[in-house]
Amino acid sequence: MDRQFRVAVIGATGLIGETLITVLEERGFPVSQLYALASNRSLGRSASFRGRSYPVQELADFDFTHCDLALFCAGAQVSREYAPRAVAAGCLVIDNTCEFRYREDVPLVVPEVNLHALAGFGQRGIVANPDCCTIQLALVLKPLHDAAGIERIDVATYQSVSGAGRAAVEELARQSIAALSGQGTVAADAAIGRIAFNCVPHIDAFQDNGYTRAEMRLVWETRKVLGDAALRVNATAVRVPVFYGHCEAVHIQTRRALSATQARELLRKAPGVTVMDERVAGGYPTAATEAAKRDTVYVGRIREYLAPDRGLNLWIVADNVRKGAATNSVQIAEAWAQRPI
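Residues numbered from 1 in each chain as written. Predicted model: local features only at pLDDT ≥ 70, side-chain atom pairs only at ≥ 80, totals over all residues. Heavy atoms only, no water.

Student: Explanation requested: the overall build of the chain in the structure shown.
Tutor: Counting its regular elements, the chain contains nine helices and 14 strands. Taking 20 Å as the expected radius of gyration for a compact globule of 341 residues, we find that the chain reaches 20 Å, a close match to that expectation. Dimensions of the chain, computed from C-alpha atoms along their principal axes, come out at roughly 60 × 60 × 40 Å. In the chain, buried positions account for 53% of the 341 residues. Nonlocal contacts in the chain, meaning residues at least 24 apart in sequence, comprise 67% of its contacts between residues at least 6 apart. Of the roughly 15,000 Å² of accessible surface on the chain, a fraction of 50% belongs to carbon and sulfur atoms. (Helix = DSSP H or I, 4+ residues; strand = E, 2+ residues; numbered from the N terminus. Rg over C-alpha atoms; globule rule 2.2 N^0.38 Å. Buried < 20%, exposed > 50% of the residue type's maximum accessible area, 1.4 Å probe, protein only. Contact = heavy atoms within 4.5 Å. Areas by Shrake-Rupley, 256 points an atom, 1.4 Å probe, with all protein chains shown as cover.)

Next up, the structure:
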């Protein structure tokens, strides 16, 4: 890749922002100048990239004409205000929030699944990164959908606290220490609730239909990424006391019969996917042992429905901060950078 790019990371001091900068370095993305941007609360901090320290600059004062690519991961409200400014200045915006995902003129991209959608970025100058749960789900289901057609998806997600940001990671650690220290009732942050040694079936705001927004994101985004508006998707989202790595128990019904053996063979060939499916203790992926700090999406516990109705069960695990956010964004940037001028 001969071209070099001036890159701004918005939300550079958050979990995803920090990981984005790490992944840019790991993958050798051609950065000629890095701008680490955040709110004025982060002034005085710095970001490390390729052996250099970059001072964090205040987003409100930044002139986007100084960069070619803007990676947003500072929340929907920030993207709503500043992404249009970046586009107007000539930047490509890759947005990690939910702000633009459901707009028809904004591609929602998982590179291994629907890279062709990136061709539509020119309409608005923005590419949306799907929700972390959607990315790992779509990556595994794509080859199965192509082979047999998926009619229905039932998914329960078990989402780590890092999906709610650094404060939630710190809160889980604090609550766990308090509980293990025998302090009796563990005080919980009101915004996060009791998460240590607990499972909470509530992520994001409740909608009028009784589902949470996290659950509805899986419905809307899976249909868009897989390009099938007729997909029936039913989701339950649960926050669990895990630091990094989201897990999904997935049940699919296909239009044409697909055996577990056939599914394993298809998934072994799928880019970005590792099959870990042995019927022994430890013969399946978990968040802590496989997913955390890796970019691979793991799948195991592949088995057919007990009732013969063209169904499969799967267990999908991935690092929500890396492949679920930062790495997927960098992969989009790589594809954009490699396009013909």
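Don't stop here, the text continues.
Student: What exactly am I supposed to notice about unusual backbone geometry here?
Tutor: Trans is the prevailing form of peptide bonds, just as negative phi is the prevailing case for residues other than glycine. For Asp 204, which is not glycine, the phi torsion reads 70 degrees and is therefore positive. If you trace the backbone, Asp 204 turns up in the loop between α5 (166-180) and α6 (213-226). What makes Asp 204 partly exposed here is its relative accessible area of 38%. If you check the backbone angles, Lys 293 has positive phi at about 75 degrees while not being a glycine. Here Lys 293 lies in the loop between α8 (287-291) and β13 (297-304).

Student: Help me understand the sheet that holds strand β14 (residues 311-318), please; the structure alone is not making it clear to me.
Tutor: In any sheet, the strands associate via hydrogen bonds between backbone groups, in a parallel or an antiparallel arrangement. The six strands lie next to each other as β10-β9-β11-β14-β13-β12, forming an open sheet whose pairing is mixed. Each of the sheet's edge strands pairs with one partner strand only, and the pair in question is β10 (232-239) and β12 (273-275). Each strand axis lies, on average, 20 degrees off the axis of its neighbour in the sheet, ignoring direction. Along the sheet face, helix α4 (residues 132-148) touches β9 (150-159), β11 (246-254), β12, β13 and β14 and points at about 25 degrees away from the line of β11. Lying over the sheet, helix α7 (residues 260-268) contacts β12, β13 and β14, oriented at roughly 165 degrees with respect to β13. (Pairing = 2+ DSSP bridges. Axes fitted to C-alpha atoms, helices over the stretch in contact; angles between N-to-C directions.)

Student: Would you mind going over the side chain of Asp 277 with me for this structure?
Tutor: Inspection of the secondary structure assignment puts Asp 277 in the loop between β12 and α8. At 2.5 Å, the side chain of Asp 277 forms a polar contact with the side chain of Arg 264. Among the polar contacts made by the side chain of Asp 277, one reaches the main-chain amide nitrogen of Ile 302 at a distance of 3.2 Å. Each residue touching Asp 277, except ones within four places of it in the same chain, is listed here: Arg 264, Gly 283, Gly 300, Arg 301 and Ile 302. (Polar contact = N/O pair within 3.5 Å; in protein donor to acceptor, adjacent residues only side chain to side chain.)

Student: Explain the sheet that holds strand β2 (residues 31-38) here, please?
Tutor: What the six strands build is an open sheet, ordered β5-β2-β1-β6-β7-β8; its pairing is parallel. The open sheet has two edge strands with one neighbour each: β5 (57-58) and β8 (126-128). Bridge analysis of strand β1 (residues 5-10) against strand β6 (residues 69-72) gives four bridges, and the strand direction is parallel. Directly across from Ile 10, in β6, lies its bridge partner Phe 72. Contacts between helix α2 (residues 76-88) and the sheet are confined to β1, β6, β7 (92-95) and β8, with β6 contributing the most and set at about 175 degrees to the helix.

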